[in-house]
Amino acid sequence: EVQLLESGGALVQPGGSLRLSCAASGFTFSSYAMSWVRQAPGKGLEWVSAISGSGDSAYYADSVKGRFTISRDNSKNTLYLQMSSLRAEDAALYYCARGSCSTTSCYRFDSWGQGTLFTVSS
Amino acid sequence: DIQMTQSPSSLSASVGDRVTITCRASQGITSYLNWYRLKPGKAPKLLIYAVSSLQSGVPSRFSGSGSGTDFTLTISSLQPEDFATYYCQQTYSTPPTFGQGTKVEIK
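As the structure is a computational prediction, the values presented were derived from the model and not from experiment.

Rules and cut-offs
Residues numbered from 1 in each chain as written. Chains lettered and ligands numbered in written order. Predicted model: local features only at pLDDT ≥ 70, side-chain atom pairs only at ≥ 80, totals over all residues. Heavy atoms only, no water. Helix = DSSP H or I, 4+ residues; strand = E, 2+ residues; numbered from the N terminus. Buried < 20%, exposed > 50% of the residue type's maximum accessible area, 1.4 Å probe, protein only. Contact = heavy atoms within 4.5 Å. Areas by Shrake-Rupley, 256 points an atom, 1.4 Å probe, with all protein chains shown as cover. Lys, Arg positive; Asp, Glu negative; His and termini not counted. Charge placed at Lys NZ, Arg CZ, Asp CG, Glu CD. Buried area = accessible area lost by both parts, 1.4 Å probe. Salt bridge = Lys/Arg side-chain N within 4 Å of Asp/Glu carboxyl O. Polar contact = N/O pair within 3.5 Å; in protein donor to acceptor, adjacent residues only side chain to side chain. Nonpolar A, V, L, I, M, F, W, Y, C, P; charged D, E, K, R; others polar. Pairing = 2+ DSSP bridges. Axes fitted to C-alpha atoms, helices over the stretch in contact; angles between N-to-C directions. Core = buried A, V, L, I, M, F, W, Y, C linked by side-chain atoms within 4.5 Å.

A. Looking closely at the overall build of chain A. What chain A contains, in helices and strands, is 0 helices and 11 strands. A buried classification covers 48% of the 122 residues belonging to chain A. Contacts in chain A between residues far apart in sequence, at least 24 positions, make up 55% of those at least 6 positions apart. Per element, the accessible surface of chain A, about 5,500 Å² overall, is 45% carbon and sulfur. Positive and negative side-chain charges in chain A, numbering 10 and 9 respectively, have mean positions lying 2 Å apart.

B. Region of interest: the interface of chain B and chain A. Contacts between the two partners involve 20 residues from chain B and, on the opposite side, 21 residues from chain A. Around 1,600 Å² of area is buried between chain B and chain A when both sides are counted, 62% of it from carbon and sulfur atoms. Looking only at chain B, the three residues that lose the most surface to chain A are Pro44(B), Thr94(B) and Phe98(B), adding up to 31% of its buried area. Where chain B meets chain A, there are 0 salt bridges. Counting across the interface, chain B meets chain A through 6 residue pairs in polar contact (both at pLDDT 80 or more). Elements that contribute at least two residues to the side of chain B that touches chain A include exactly β4 (33-38), β5 (45-49) and β9 (85-90) of chain B. Of all the elements, β4(B) adds the most residues to the side of chain B that touches chain A, at 3 residues. When its residues are assigned to classes, the side of chain B that touches chain A shows 12 nonpolar, 7 polar and 1 charged.

C. Local environment of the sheet that holds strand β7 (residues 62-67) of chain B. Residues and elements named next belong to chain B. Read from one edge to the other, the open sheet built from 4 strands follows the order β1-β3-β8-β7, with strand pairing classed as antiparallel. The open sheet has two edge strands with one neighbour each: β1 (4-7) and β7. Along the sheet, successive strands turn relative to each other by an average axial angle of 20°, direction set aside. Bridge count between β1 and strand β3 (residues 19-25): 4 bridges; the pairing is antiparallel. Its bridge partner lying in β3, threonine 5 is registered against arginine 24.

D. Representation of the nonpolar core in the model. In terms of nonpolar packing, the biggest core is built from 42 residues, with Trp36(A), Leu79(A), Leu81(A), Met83(A), Tyr94(A), Phe109(A) and Trp112(A) touching the most fellow members. At the level of elements, β3 (18-25), β4 (34-39), β5 (45-51), β7 (68-73), β8 (78-83), β9 (92-98) and β11 (116-120) of chain A together with β4 of chain B are the ones that each hand at least two residues to this core. With sequence-adjacent residues up to four places away left out, Trp112(A) is seen in contact with Leu4(A), Val37(A), Leu45(A), Tyr95(A), Cys96(A), Ala97(A), Tyr36(B), Ala43(B), Pro44(B) and Phe98(B). With 25 residues, the next largest nonpolar core counts Phe62(B), Leu78(B), Phe83(B) and Ala84(B) among its residues.

E. Examining unusual backbone geometry more closely. All names here are of chain B. Of note, the bond from serine 7 into proline 8 is cis; its omega dihedral lies within 30 degrees of zero at -5°. One can find proline 8 in the loop between β1 and β2 (10-13). Of the consecutive residues threonine 94 and proline 95, the connecting peptide bond is found in the cis state with omega at 5°. Along the polypeptide, proline 95 turns up in the loop between β9 and β10 (97-98).

F. Highlighting the side chain of Thr91(B). Structurally, Thr91(B) is set in the loop between β9 and β10. By relative accessible area, Thr91(B) is classed as buried at 3%. What Thr91(B) contacts, discounting residues up to four positions off in sequence, is Ser105(A), Cys106(A), Tyr107(A), Tyr32(B), Asn34(B) and Pro96(B).

G. Examining the pattern of salt bridges more closely. Residues and elements named next belong to chain A. Throughout the structure, instances matching the rule amount to 10 salt bridges over all chains. Put simply, arginine 38 and aspartate 90 hold a salt bridge, and the shortest N to O gap is 3.0 Å. Taken together, the residues span a long stretch of sequence, with arginine 38 in strand β4 and aspartate 90 in the loop between β8 and β9 at a distance of 52 residues. One exposure class covers both arginine 38 and aspartate 90, and it is buried. For aspartate 110, the salt bridge identified is with arginine 98, shortest N-O distance 2.9 Å. Of this pair, aspartate 110 sits in the loop between β9 and β10 (111-112) while arginine 98 sits in strand β9, placing them 12 residues apart in sequence. A single network of salt bridges, built from pairs that share partners, joins Arg38, Glu46, Arg67 and Asp90.

What follows is the structure, encoded as structure tokens:
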């Protein structure tokens with residue numbers, strides 16, 4: 001059974017940094033591209049970033065480009081999202097999902113975690 | 001970016017009802033249209049991919065249809081576990097974008 005377990009959510013000050021993690025199990029992690037999707041309180045879903053299975057390619061939403069970095073450690077079956085220069089509008093429930101994107105199109109997100117929440121407060 | 005517009009934003013229905021949710025894309029997306037169900041505290045669940053393909057393990061009461069810019073998710077007989085929020089998603093172009101969601105509530 002595919003399982004994705006996010007962690008790392010916290011209360012962060014504006015301008016701060018945070019790293020989210022997603023531990024994967026139940027499938028060959030290195031064979032799958034992964035994505036992060038977020039949901040701000042009371043809002044809809046927003047795709048944040050994607051990374052190829054090898055980690056060689058990464059893609060970002062314009063809203064986080066230059067501030068967030070997606071990475072993965074295939075030896076640990078773990079996906080990461082390093083977030084910096086955090087803003088109030090970044091506060092959300094962050095999901096990791098199994099699903100890929102390229103520069104032109106994406107593939108369906110067929111498995112998701114339950115999410116990890118972080119809030120921004122001064 | 002491609003904009004996805006769902007309607008209605010919310011609806012009230014009873015167990016056993018037939019429910020239809022529509023999703024419109026701001027430009028043609030061929031068949032790159034997926035549907036997800038979100039419930040508080042649970043992992044989002046892929047229901048339908050490529051407009052009408054049922055994800056493995058998803059009950060057959062869920063179905064999808066449409067093409068080009070207009071798409072529909074139908075639940076043929078609403079069950080208690082189906083009271084949730086539903087999102088359409090286009091994966092035709094990056095960034096993938098979602099509709100604003102349709103909340104299905106108990107009447």
